[in-house]
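# Coordinates in review
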Amino acid sequence: MRIDQLLLATALTVMLAGCAAPRATGDLGVVVERASGSLTLVETTNQTLLKRIKGLGDLSHASVVYSRDERFAYVFGRDGGLTKVDMLSGRITARTIQSGNSIGGAISQDGSLVAVSNYEPGGVKVFDARTLELVADIPATYGEEGQLSKVVGLVDAPGQRFVFSLFDAGEIWVADLSQPDQPQITRFKDIGREPYDALITPDGRHYIAGLFGEDGLAMLDLWHPEQGVRRILDHYGRGEQKLPVYKMPHLEGWAIAGDYAFVPAVGRHEVLIIDVDTWQEVDRIKVHGQPVFVMGRPDGREVWVNYAFPDNDTVQIIDTVSMQIADTLKPGKGVLHMEFTPRGEHLWMSVRDEDVVRVYDTRTRREIANLPADKPSGIFFTARAHRIGL
Amino acid sequence: MRLAIAPEPGRSRWYAVAVALLFLMTASAAATEPEGDRKDELLHLLQHDCGSCHGMTLKGGLGPSLLPEQLEDKSAMMLRATILIGRAGTPMPPWQDFLSEEEADWLVGRLQEGISDAN
């Protein structure tokens with residue numbers, strides 16, 4: 001072989017190997033573009049857009065969970081659509097319209113099941129994570145006439161369980177799917193009026209539902225289910241006039257820093273600080289508007305807060321040691337969601353009315369990149385695959 | 001040459017009334033029909049802010065569906081009051097700090113006739 005032939009052969013081999021080079025998914029994520037029903041696949045190492053994925057239906061209030069190998073995203077759309085997206089190819093690999101109106105979902109501890117919480121018809125449906133075939137149907141029946149309640153706050157819990165709340169019924173249900181086709185349901189009744197969202201603590205122990213219809217939060221200790229659901233912060237706000245609520249707060253992503261949890265107050269311009277040993281309120285921080293997301297940076301050192309209409313052009317950063325507001329940002333109108341990179345060096349923020357996703361360096365709090373997106377809402381990175389409750 | 005344009009005195013009075021009426025009609029139309037930019041803002045508000053509870057396509061979420069068939073048995077006055085002052089005992093908040101009565105009426109009209117997905 002002549003030297004030039006050898007070089008050509010080597011070059012070709014390198015090129016082919018380059019084409020076939022495997023790509024990992026650990027720095028990938030998706031941005032939901034709710035108006036156009038599309039997702040934008042992004043990577044967080046260089047902050048770039050990789051691909052737009054279309055055809056996902058109505059994605060208002062859409063959320064995403066990931067398979068345990070971080071290869072697939074499961075997208076829960078408002079129109080009841082459940083879509084499985086391959087993060088490497090950027091293609092839809094399975095899709096089903098599983099209800100008329102849904103609000104979110106969760107993936108089981110072992111990654112084999114995907115559950116969806118539905119408004120219409122009210123209940124939870126459980127699907128095979130591989131094929132999206134229906135495995136179990138759990139109607140959220142309540143009352144003497146067997147009405148169906150809207151279901152909110154669906155999360156995964158250790159022990160192959162799903163936990164969720166019934167908005168209309170005021171109940172919390174724990175569904176054990178160790179035998180997927182025979183879910184074992186434990187019902188907790190009279191937990192409070194109108195649970196609107198819920199979270200599970202990162203250790204998977206405490207399930208906490210926010211109540212819209214009355215003050216306080218309903219908490220279930222999954223290590224001690226025999227103790228039932230108890231009310232925490234029930235004194236909060238008593239006798240005070242609530243402000244009208246223009247957007248329901250989200251409890252997902254609440255911040256735990258040291259012994260304290262930071263949660264949004266409903267109908268008030270306040271973030272509440274709770275001692276997670278005693279579950280008593282220790283302080284409140286006055287903030288710019290009604291908080292929607294109160295997101296803790298992964299190291300817990302600071303908390304980023306966005307607000308409901310008409311204050312949704314502002315983001316504030318709370319220092320979790322001084323418990324003071326450290327900074328106020330004005331990213332533009334319609335800040336809908338924020339997501340930290342897994343170790344917290346960057347924060348991605350969707351600004352709906354500016355059609356942009358802004359990326360901030362969390363140390364300097366300066367914008368380091370911005371990416372165009374069509375009415376962006378939720379941002380979900382693959383690292384969620386390995387976190388309980390996300 | 002004949003002066004053709006000079007109107008009779010009586011006729012000119014009629015003209016004045018007509019012009020005044022026309023002016024009043026346009027003025028009242030302007031009051032009920034928001035300006036173009038404001039219309040866009042209102043539809044944006046409906047889709048994205050009302051939509052956070054009622055769904056971006058208004059077919060319902062935590063709040064009820066606002067599609068025309070769901071609103072058929074409800075009066076425009078009741079819908080206007082719901083928008084402006086909210087509904088006690090439900091999460092529906094009052095919007096009167098952000099919307100005028102005319103704007104609320106205009107939105108009720110749009111809801112009753114149905115808003116195309118193009119918006």
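Conventions adopted
Residues numbered from 1 in each chain as written. Chains lettered and ligands numbered in written order. Predicted model: local features only at pLDDT ≥ 70, side-chain atom pairs only at ≥ 80, totals over all residues. Heavy atoms only, no water. Buried < 20%, exposed > 50% of the residue type's maximum accessible area, 1.4 Å probe, protein only. Helix = DSSP H or I, 4+ residues; strand = E, 2+ residues; numbered from the N terminus. Pairing = 2+ DSSP bridges. pLDDT = per-residue confidence, 0-100. Contact = heavy atoms within 4.5 Å. Phe/Tyr/Trp six-rings, centres within 6.5 Å; stacked < 30°, edge-to-face > 60°. Axes fitted to C-alpha atoms, helices over the stretch in contact; angles between N-to-C directions. Parallel < 35°, antiparallel > 145°, perpendicular 65-115°, else oblique. Left-handed = near helix turned anticlockwise from the far one by under 90°. Salt bridge = Lys/Arg side-chain N within 4 Å of Asp/Glu carboxyl O.

## What to know about the pairing of strand β24 (residues 270–275) of chain A
Residue and element names in this part refer to chain A. Where burial is concerned, most of β24 is hidden: six out of the six residues are buried. Across the two faces of β24 the burial is the same, with Glu270, Leu272 and Ile274 and Val271, Ile273 and Asp275 all buried. Strand direction decides the pairing type here: strand β23 (residues 260–264) and β24, joined by five bridges, are antiparallel. Across the sheet, phenylalanine 262 pairs through a bridge with isoleucine 273, a residue of β24. As consecutive antiparallel partners, β23 and β24 are separated by five residues, and within that stretch glycine 267 has a phi angle of approximately 70°, a positive value. Across six bridges, the pairing between β24 and strand β25 (residues 280–286) is antiparallel. Note on β25: the bridge partner recorded for aspartate 275 is glutamine 280. Where β24 hands over to β25, the hairpin turn is made up of four residues, of which tryptophan 279 adopts a positive phi near 60°.

## Observations regarding the confidence of the model for chain B
All names here are of chain B. Of all residues in chain B, 70% attain a pLDDT of 70 or more, and the chain-wide mean is 77. Per-element confidence in chain B is highest for helix α4 (residues 76–85), whose mean pLDDT is 94, and lowest for helix α1 (residues 9–32), whose mean pLDDT is 49. Note that residues 1–10 has pLDDT below 50 and, in this model, one contact with residues that lie over four places away or in other chains. In this model, residues 22–31 is a region of pLDDT below 50 whose contacts with residues beyond four sequence positions or in other chains number one contact. Quick note on the complex model: pTM equals 0.85, ipTM equals 0.70.

## A word on the pairing of strand β33 (residues 366–372) of chain A
Inspection of the sheet shows strand β32 (residues 356–361) of chain A paired to β33 of chain A by six bridges, in the antiparallel sense. Bridging from a neighbouring strand, aspartate 361 of chain A pairs with arginine 366 of chain A of β33 of chain A.

## Examining the packing of aromatic side chains
Residue and element names in this part refer to chain A. Scanning the model with the defined rule gives 10 aromatic pairs over all chains in all. Summarising the aromatic geometry, the rings of tyrosine 246 and phenylalanine 309 are spaced 5.9 Å apart at their centres and angled 70° between planes, so their arrangement reads as edge-to-face. Here the residue tyrosine 246 occupies a position in the loop between β21 (229–232) and β22 (255–257), and phenylalanine 309 occupies one in the loop between β27 (302–307) and β28 (315–319), the gap between them amounting to 63 residues. For tyrosine 246, a relative accessible area of 8% gives the class buried.

## Points about the packing of α4 of chain B against helix α5 (residues 101–113) of chain B
Residue and element names in this part refer to chain B. Running from amino to carboxyl end, α4 crosses α5 at an angle of 120°, the nearest separation of the two axes being 9 Å. Viewed along their axes, α4 and α5 adopt a mutual orientation that is oblique. Every pair of crossing elements has a handedness; the one defined by α4 and α5 is right-handed. Contacts between α4 and α5 involve Ala76, Leu79, Arg80, Ile83 and Leu84 on the former and, on the latter, Glu101, Ala104, Asp105, Val108 and Gln112.

## Description of the pattern of salt bridges
All names here are of chain A. Counted by the stated rule, this structure contains 26 salt bridges over all chains. With its nearest N and O atoms 3.2 Å apart, the salt bridge here joins glutamate 302 to arginine 297. Across this residue pair, the class does not change: glutamate 302 and arginine 297 are buried. The salt bridge partner of glutamate 339 is arginine 384, with a shortest N-O separation of 2.8 Å. Within this pair, whereas glutamate 339 is found in strand β30 (residues 335–340), its partner arginine 384 is found in the segment after β34 (376–381), the two being separated by 45 residues in sequence.

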